[in-house]
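Reading the structure
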Amino acid sequence: MARIPVGLSTASVWPQNAAAGFQIAGALGYDGVEVMVWADVISQDVDALRRCARNHGVPVLAVHAPCLLITQRIWSPDPEVRLRRAVEAAVDLHAPTVVVHPPFRWQRRYADKFPDLVASLEDESGVAIAVENMFPVKPLARARSMSAFTPSTDPTDAGHRHYTLDLSHTAAAQEDALALAKRMGSGLRHIHLADGTGLPRDEHLVPGRGNQPCAELCETLAANGFDGQVVLETNTRNARNPAERAKDLAEALLFARLHLDR
């Protein structure tokens with residue numbers, strides 16, 4: 001059985017840039033990186049990313065399309081253009097997967113075409129477009145949380161060929177991660193391995209520091225012959241120095257390998 005590749009999201013080294021993500025991934029022994037496309041100019045530049053991959057001997061496992069609120073103008077204000085650009089980048093970088101969020105509720109035209117757009121882009125490119133589970137938010141003026149996404153925070157409600165399961169998001173949504181993985185079934189392509197405590201915010205803790213079933217999920221993936229990628233998407237922005245950041249990311253990698261190799 002082939003070993004499940006374990007990658008590092010370049011978001012995990014913020015506020016350092018994508019180039020630092022490649023360097024750290026190579027130094028710690030990660031199998032590759034997921035490029036989070038955002039304000040960092042290197043993350044938007046396919047030629048620069050190709051050089052990073054070559055210089056550090058670390059392939060790109062996935063490209064995360066710019067679909068955060070803070071990345072709505074990167075590449076284009078049109079979300080369809082941004083997704084197409086992410087797929088083109090993945091093809092150019094030989095990355096097998098693109099990660100994308102469900103449409104925001106106010107992106108009505110994009111939302112109407114989103115399932116068909118994703119399917120057609122997959123057919124054209126051969127890249128798996130793995131739609132990610134999200135979590136509701138609670139505006140200050142409201143007593144109840146609400147979904148900012150269409151049709152919901154759960155991408156299986158719309159139905160897609162491929163999915164990304166993010167365990168920090170299941171924690172924030174107070175959702176059963178193992179049950180969601182089961183609903184995603186054979187379409188589960190990509191894992192954002194992180195932890196959370198159940199607070200209504202995106203914590204992205206090092207696996208094992210929260211209450212999510214990170215170990216059980218990894219062991220289940222290995223037992224079931226999972227053929228996608230596991231990517232550590234952890235928050236290290238409070239690290240006091242690069243050595244402390246590297247220590248957290250080394251711990252995260254050790255956790256993943258320990259439970260994926262069982």
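Positions within a chain are numbered from 1, following the residues in the order the chain's sequence is written. Per-residue local features are limited, in this predicted model, to residues with pLDDT of at least 70; the limit for side-chain atom pairs, both in listing and counting, is 80 or more; totals at the level of whole chains, interfaces and linings are taken over all residues. The basis for every side-chain value is the complete set of heavy atoms in the structure, and neither hydrogens nor water enter the calculation.

The chain is annotated in an unreviewed UniProt entry as Xylose isomerase domain protein TIM barrel of Kibdelosporangium persicum.

**Focus: unusual backbone geometry**
In plain terms, the rule: Think of it this way: any DSSP run of H or I at least four residues long counts as a helix, any run of E at least two long counts as a strand, and we number them from the N terminus.
Geometrically, the link from W14 to P15 is a cis peptide bond, its omega value of 15° lying close to zero. Relative to the helices and strands, P15 resides in the loop between β1 (6-9) and α1 (18-28). Following T150, the chain continues into P151 via a peptide bond in cis, with omega recorded as -5°. Looking at where P151 falls in the secondary structure, it is placed in the loop between β5 (128-132) and β6 (162-166). A positive phi is found at W75, a non-glycine position, where the angle reads about 75°. On the secondary structure map, W75 appears in the loop between β3 (60-64) and α3 (79-92). Positive phi outside glycine occurs at H94, with the angle close to 60°.

**Thoughts on the pairing of β1**
To keep things clear, this is the line we draw: Exposed residues in this analysis have more than 50% of their type's maximum accessible area, buried residues have under 20%, and partly exposed residues fall in between, with area computed by a 1.4 Å probe over protein chains only. Pairing between two strands requires that DSSP report at least two bridges joining them. With the strands aimed away from the viewer, a crossover counts as right-handed if its path from the first strand over the helix to the second runs clockwise.
Burial along β1 is two-sided: V6 and L8 and G7 and S9, pointing in opposite directions, are all buried. Here β1 runs beside strand β8 (residues 229-232); their pairing, made up of 3 bridges, is parallel. Pairing of L8 across the sheet is with L232, part of β8. Looking at chain direction, β1 and strand β2 (residues 32-36) are connected through 3 bridges and run parallel. Each residue of the ladder has a partner; that of S9, found in β2, is E34. The β-α-β motif built from β1, the intervening α1 and the parallel element β2 has right-handed crossover chirality.

**Here's the deal with the layout of surface pockets**
To keep things clear, this is the line we draw: The method works on a 1 Å grid over the protein atoms by themselves. A cavity is a set of points holding a 1.4 Å probe that cannot get out, a pocket is an open set with protein on both sides within 12 Å along at least five of seven lines, and residues with an atom within 4 Å of a point line them. Grid points are joined across faces, edges and corners, and a volume is the space filled by probe spheres set on the points. Note on residue classes: Ala, Val, Leu, Ile, Met, Phe, Trp, Tyr, Cys and Pro are nonpolar, Asp, Glu, Lys and Arg are charged, and everything else, Gly too, is polar.
Taken as a whole, the largest pocket holds about 940 Å³ of empty space. Lining the largest pocket we find 32 residues, and of these L68, F135, H169, D202 and H204 sit closest to its centre. Grouping the amino acids of the lining of the largest pocket by side-chain chemistry returns 17 nonpolar, 9 polar and 6 charged. In this model, the second largest pocket occupies a volume close to 260 Å³. Along the walls of the second largest pocket sit L178, A181, K182, G185, L188, L217, T220, L221, N224, G225, F226 and D227, which together make up its complete lining. Where the lining of the second largest pocket is concerned, the elements lending two or more residues are α6 (177-184) and α7 (214-223). Considered class by class, the residues forming the lining of the second largest pocket number 6 nonpolar, 4 polar and 2 charged.

**Looking at the sheet that holds β5**
Where we set the bar: Here an angle of 0 to 180 degrees is reported between the N-to-C directions of two axes, which are lines fitted to C-alpha atoms, with helices fitted over the stretch in contact. Throughout, a contact is declared for two residues whenever any of their heavy atoms are within 4.5 Å.
Read around the barrel, 8 strands follow the order β1-β2-β3-β4-β5-β6-β7-β8 and close on themselves; strand pairing throughout is parallel. The sheet shows a mean angle of 25° between the axes of neighbouring strands, taken without regard to direction. Across 3 bridges, the pairing between β3 and strand β4 (residues 97-100) is parallel. Pairing of V63 across the sheet is with V98, part of β4. Packing against the sheet, α3 makes contact with β3, β4 and β5, and its axis sits at approximately 155° to β4.

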